[in-house]
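Given next are the chains, with one letter for each unit.
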Amino acid sequence: MKRISILIVDDEQEIRDLIAIHLEKEGYDIIKASDGQEAIHIIETTEIDLLILDIMMPKMDGYEVTRQIRGQHNMPIIFLSAKTSDFDKVQGLVIGADDYMTKPFSPMELVARVNAQLRRFIKLNQTQADNKLTLEFAGLVIIPDQREVMLYGENIELTPKEFDILYLLASHPKKVYSVDNIFQQVWGQAYFEGGNTVMVHVRTLRKKLKEDKQKNKWIKTVWGVGYTFNG
């Protein structure tokens, strides 16, 4: 069975080594990088299953690393940063991270979050592999095994989380999902304290689906409850 590879990217060697010690005890293969450019090179040349990423680094910060890899790679990303505001946390998740931890951090909690993200990622991929049914609506096509979305023949570029939200809602048209339920199913953890992470993702998703021209065409807001797919 293939061993899981985790890339740790942080400009502080002590932090890289500390994380590596705890994750190696879990049986993971560990690769380390000290800046964003080195991380990009490793991701392009090595199969990585999960990325632990600092934000403030020389040469290229964690935000830019995430932007550059999200179009081609779907591995879970955990930001580990000294930035502690709710704005920073939400921004990190919106850009494409799956989880966000602040420094100083508990190595045991980080290991638990790594395990949770890998379980969610493996389960999600298996579910989509088992159910390759293409979802088709009037002008909208969602292809789960390729994670592609077509709107009137045009390919719509979505982040992994935007795709997961759309696929969740579209798989059960008319079913109403609360914000915290969406977060739990897509992010695989308890509702994030920032509060508006799901709402920001839905707002961006609506823009990409061109709902500014026809409000709530695909994703309908059920006020006081959550969202539903209006397919």
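Our structure's up above, just so we're on the same page.
Note that the structure is a prediction, hence the values are computed from the model and not measured.

The rules behind the values
Residues numbered from 1 in each chain as written. Predicted model: local features only at pLDDT ≥ 70, side-chain atom pairs only at ≥ 80, totals over all residues. Heavy atoms only, no water. Helix = DSSP H or I, 4+ residues; strand = E, 2+ residues; numbered from the N terminus. Rg over C-alpha atoms; globule rule 2.2 N^0.38 Å. Buried < 20%, exposed > 50% of the residue type's maximum accessible area, 1.4 Å probe, protein only. Pairing = 2+ DSSP bridges. Contact = heavy atoms within 4.5 Å. Axes fitted to C-alpha atoms, helices over the stretch in contact; angles between N-to-C directions. Phe/Tyr/Trp six-rings, centres within 6.5 Å; stacked < 30°, edge-to-face > 60°. Core = buried A, V, L, I, M, F, W, Y, C linked by side-chain atoms within 4.5 Å. Domains from an automatic or database assignment. Arc of directions from axis to C-beta. Polar contact = N/O pair within 3.5 Å; in protein donor to acceptor, adjacent residues only side chain to side chain.

Student: Sorry, what's going on with the overall build of the protein here?
Tutor: Scanning the protein from N- to C-terminus turns up eight helices and 12 strands. Since a compact globule built from 231 residues should have a radius of gyration of about 17 Å, the 18 Å found for the protein is in line with a globular shape. Projected onto the principal axes, the alpha-carbon positions of the protein cover approximately 55 × 35 × 30 Å. Evaluated residue by residue, the protein yields a buried proportion of 48% over its 231 residues.

Student: When you look at unusual backbone geometry in this model, what are you seeing that I'm missing?
Tutor: Apart from glycine, the bulk of residues carry a negative phi angle, and the bulk of peptide bonds sit in the trans form. Note that the residue after Lys-103, namely Pro-104, is joined by a cis bond; omega there is -5°. Along the chain, the position of Pro-104 falls in the loop between strand S5 (99-102) and helix H5 (107-130). One non-glycine residue, Lys-59, adopts positive backbone phi at about 75°. We classify Lys-59 as exposed; its relative accessible area is 65%. For Tyr-152, which is not a glycine, the phi torsion comes out positive at approximately 50°.

Student: How do you make sense of the sheet that holds strand S11 (residues 219-222) when you look at a structure like this?
Tutor: Backbone hydrogen bonds hold the strands of a sheet together, and the pairing may be parallel or antiparallel. Read across the sheet, three strands follow the order S10-S12-S11 without closing on themselves; strand pairing throughout is antiparallel. The sheet is open, and its two edges are formed by strand S10 (177-178) and S11, each paired on a single side. Pairing geometry for S11 and strand S12 (residues 226-229), over four bridges, is antiparallel. Bridged to Thr-221 within S12 is Tyr-227. Its contacts with the sheet place helix H8 (residues 197-208) against S11 and S12, and it is angled at close to 145° to S11.

Student: Teacher, can you tell me more about the packing of aromatic side chains here?
Tutor: Both the distance between ring centres and the angle between the ring planes are used here to describe each pair of aromatic rings. Evaluation of the coordinates by the stated rule reveals five aromatic pairs. Aromatic side chains Tyr-63 and Phe-79 sit 5.8 Å apart centroid to centroid with 90° between the ring planes, which places their arrangement in the edge-to-face category. Of this pair, Tyr-63 sits in helix H3 (residues 62-69) while Phe-79 is found in strand S4 (residues 77-81), placing the two residues 16 residues apart along the sequence. Accessibility assignment for this pair places Tyr-63 and Phe-79 in one class, buried. With 6.1 Å between their ring centres and 70° between their planes, Phe-79 and Tyr-100 make a pair best called edge-to-face. Highlighted residues: Phe-79 in strand S4 and Tyr-100 in strand S5, separated in sequence by 21 residues. You can call Tyr-100 buried: its relative accessible area is 4%. The rings of Tyr-63, Phe-79 and Tyr-100 are connected pair by pair, giving a single aromatic cluster.

Student: I keep staring at the nonpolar core and nothing clicks. Help me out?
Tutor: If you look at the biggest cluster of nonpolar residues, it comprises 51 residues, and the most contacted ones within it are Leu-7, Leu-51, Ile-142 and Ile-182. Composition of this core by domain shows at least three residues from each of domain 1 (5-131) and domain 2 (135-229). Formed by 18 residues, the second largest nonpolar core is a distinct cluster that contains Ile-6, Ile-19, Tyr-28 and Leu-110.

Student: Got a minute to help me understand helix H2 (residues 36-45) in this structure?
Tutor: For an α-helix, 3.6 residues make a turn, and residues three or four places apart therefore share a direction. Looking at H2, one finds that the buried residues are Gly-36, Ala-39, Ile-40, Ile-42 and Ile-43. Here the buried residues of H2 occupy an arc of 165° about the axis, which is enough to place them on one side. Counted as exposed and oriented over 90 degrees from the buried face of H2: Glu-44 and Thr-45. Contact partners of the buried residues in H2: strand S1 (5-9), strand S2 (29-33), strand S3 (50-53) and H3. Sitting at the amino-terminal end of H2 is Asp-35, which places a side-chain oxygen 3.0 Å from the backbone nitrogen of Gln-37.

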